[in-house]
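Overview (structure and organization)
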Amino acid sequence: MSKENAEAFYKKLKIKLKDTSNWPSKYLYKFIVPSIPQKIKQVEDIFDNMGAVIQTKTSSKGTYTSVSVNVIMVNPDAVIEKYKEVGNQVEGVISL
């Protein structure tokens with residue numbers, strides 16, 4: 001995703017989050033990462049010490065792993081910052 005597209009996406013997401021939730025609120029992140037233990041751990045480490053409930057599920061072929069992170073976030077900006085942090089630190093991640 002280009003920088004312009006990413007900024008437009010995050011701007012829309014922020015508006016949607018403001019309109020649909022009261023903050024602080026539980027938020028469910030979903031990521032798809034290559035099934036490499038180090039990459040899964042990178043995602044888990046980003047949410048460490050936040051009281052997050054993290055679940056993983058490996059794809060049928062074992063190529064990818066779905067990582068679901070349920071965590072209480074203080075506001076839409078904090079949600080977006082975590083998306084950016086994961087995207088910048090975990091190579092090959094897909095954010096859903």
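Placed above this text is the structure.
For the bond from W23 to P24, the omega torsion is 0°, close enough to zero to count as cis. In this structure, P24 sits in the loop between α1 (3–20) and β1 (25–34).

Before going further, it helps to spend a moment on the pairing of strand β3 (residues 64–73). Relative to β3, β1 is paired through 10 bridges, and the arrangement is antiparallel. Residue pairing in the sheet places P34 in a bridge with Y64 of β3. As paired strands, strand β2 (residues 53–58) and β3 are joined by 6 bridges and run antiparallel to one another. Bridged to Q55 within β3 is S68. In this structure, the hairpin formed by β2 and β3 is closed by a connection of 5 residues, where G62 is found at a positive phi of approximately 80°.

To continue, consider the packing of aromatic side chains. Under the defined criterion, the tally for this structure stands at 8 aromatic pairs. Taken together, a centroid distance of 6.2 Å and an interplanar angle of 40° make the contact between F31 and F47 tilted. Of the two residues, F31 sits in strand β1 while F47 sits in the loop between α2 (37–46) and β2, which places them 16 residues apart along the sequence. Residue F31 is classed as buried on the basis of its relative accessible area of 0%. Exposure remark for F47: the relative accessible area of 2% places this residue in the buried category. Put simply, the rings of Y27, Y29, F31, F47 and Y83 pair up and form one aromatic cluster. Positioned over the ring face of F47 is K82, at 5.6 Å from the centre of the ring.

Positionally, K57 belongs in strand β2. On the basis of relative accessibility, which here comes to 63%, the residue K57 falls in the exposed class. In sequence terms K57 and S35 are 22 residues apart; their C-alpha atoms lie 9.7 Å from each other. Among residues more than four places away in sequence, those in contact with K57 are Y64, T65 and S66.

Calculation rules
- Residues numbered from 1 in each chain as written.
- Predicted model: local features only at pLDDT ≥ 70, side-chain atom pairs only at ≥ 80, totals over all residues.
- Heavy atoms only, no water.
- Helix = DSSP H or I, 4+ residues; strand = E, 2+ residues; numbered from the N terminus.
- Pairing = 2+ DSSP bridges.
- Phe/Tyr/Trp six-rings, centres within 6.5 Å; stacked < 30°, edge-to-face > 60°.
- Buried < 20%, exposed > 50% of the residue type's maximum accessible area, 1.4 Å probe, protein only.
- Lys NZ or Arg CZ within 6 Å of the ring centre and 35° of its normal.
- Contact = heavy atoms within 4.5 Å.

By themselves, these observations are geometric and do not establish any function.
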